[in-house]
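# What the coordinates show
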Amino acid sequence: MDQSTSQNRPEVSIAVNAFLANPAPLLDVRSPGEYEQAHIPGAKNLPLFSNEERAAVGSCFKREGSKVAVKLGLELVAPRLIGLANQLEAEAENGHLRLYCWRGGMRSSSVAWLAKTVGIDVQLLAGGYKSFRNWALAQFELSWPICLLGGGTGSGKTAVLQALAKRGAAVVDLEKLANHRGSSFGGLGLPKQPSVEHFENCLAIELRGVNGMAPLWLEAESAQVGRCRIPNGIWKQMQLAPLVVLERPKEERIAMLVEVYGSQCPKGLIEATERLSRKLGPQRTATALSSIRNGDLSRACAEILDYYDRSYTSELARRQSSIERLDGGGKSIENIAQLLMELRAA
């Protein structure tokens, strides 16, 4: 591309749907703190200001007004311009980039100017990250053809959902997005959970990817997956959605739990069990803890499953939507996924 042509072309600000559809690399030019709190999934952080610099410019704006704050911003950024330009060139793909800041204002416009100066075509998100957040929240108020997959702890629901997705079904794995399996043990061996805001952002993007497909399979979850709360609009629809309960013998479920958690540090298993002590009761807690320390995870799982099964039975009794049961005993994950596809197609 001729550099002078790119420099003379104004940056383009586009609405959220068109912005998300563009395959060009995506950069978030907000501060590291803003990015860490939440961002558009897939974006890399190329901050114009550090956290401290952003705070200083904001304070200056409040005290002395826009003109003085802009000059302070220029003073802070000027020594880094060549470094920023090099980073923009490194991130661009075939001479194209997408950029956004908080409101689609000076930060993204300034970085877009620099990008154009070195010959990169830029698309800006109209309204910035704030407009993306409004779009994301609106997705949860749409009507979705949800079908829930339920079942007792250890029945392999997540693995079945993954198998459904491989077969082309519309699936959103809430536990994967939340980095949590939804129980006292749910965070063991998984990365740090995202903020609720970023969990919502990731969920909105996942929903966008399956829009128009039916049914939409979700795992039957509590209102919170670890610390990540399911958006109210989706949660209300989940409460009314048809539920398929996967039933498997207790021995199979224990074997699956041992496979999932057997490699975890005993200390983490003990701490998670202790968090359940009031619900398990002293005798079951003592037996489970002793079994973990002795390396008998099957016995520990059996004790803990009794509590989870009682809770799940009570939860099912409160549901008012339709419930179908699927016997998964002795069947492979792939076989169960095929049965579910056939069940929903009938």
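Residues numbered from 1 in each chain as written. Predicted model: local features only at pLDDT ≥ 70, side-chain atom pairs only at ≥ 80, totals over all residues. Heavy atoms only, no water.

In a regular helix each residue adds 1.5 Å, so 22 residues correspond to 32 Å; helix α17 (residues 297-318) covers 31 Å between its end C-alpha atoms and thus fits that length. Of all the residues in α17, the buried ones are Leu297, Ala300, Cys301, Ala302, Glu303, Ile304, Leu305, Tyr307, Tyr308, Tyr312 and Leu316. (Helix = DSSP H or I, 4+ residues; strand = E, 2+ residues; numbered from the N terminus. Expected span 1.5 Å × (residues − 1). Buried < 20%, exposed > 50% of the residue type's maximum accessible area, 1.4 Å probe, protein only.)

This part takes up the packing of aromatic side chains. All chains considered together, the criterion is met by six aromatic pairs. In this structure an aromatic cluster arises from ring pairing among Tyr100, Trp102, Tyr129, Phe132 and Trp135. Directly above the ring of Phe19 sits Arg98, whose terminal nitrogen or CZ lies 5.3 Å from the centroid. (Phe/Tyr/Trp six-rings, centres within 6.5 Å; stacked < 30°, edge-to-face > 60°. Lys NZ or Arg CZ within 6 Å of the ring centre and 35° of its normal.)

Moving on, we get to the nonpolar core. Residues Ile40, Phe132, Ile146, Val172, Leu216, Ile234 and Met238 are the most contacted members of the largest nonpolar core, which totals 44 residues. Counting residues per element, this core draws most heavily on helix α11 (residues 196-210), at six residues. Other than its neighbours up to four places away in sequence, Ile40 contacts Phe19, Leu20, Leu26, Tyr100, Leu125, Tyr129 and Phe132. Counting 23 residues, the second largest nonpolar core, distinct from the first, contains Val29, Val111, Leu114 and Ala115. (Core = buried A, V, L, I, M, F, W, Y, C linked by side-chain atoms within 4.5 Å. Contact = heavy atoms within 4.5 Å.)

Cis geometry marks the peptide bond from Ala214 to Pro215, where omega comes out at -5°. Backbone geometry at Asn94 places phi at a positive 55°, although glycine is not the residue there. As for its position among the elements, Asn94 is in the loop between α6 (81-91) and β4 (96-100). Using a relative accessible area of 71% as the deciding quantity, one classes Asn94 as exposed. Positive phi, close to 55°, is recorded for Asn179, a residue that is not glycine. Mapped onto the fold, Asn179 is located in the loop between α10 (174-178) and α11.

Below, the discussion takes up the sheet that holds strand β5 (residues 121-125). Reading across from one edge, β1-β5-β4-β2-β3 is the order of the five strands in this open sheet, with parallel pairing throughout. The open sheet has two edge strands with one neighbour each: β1 (12-14) and β3 (44-45). Summarising the sheet, strand β2 (residues 26-28) and β4 pair through three bridges and their orientation is parallel. Directly across from Leu26, in β4, lies its bridge partner Arg98. (Pairing = 2+ DSSP bridges.)

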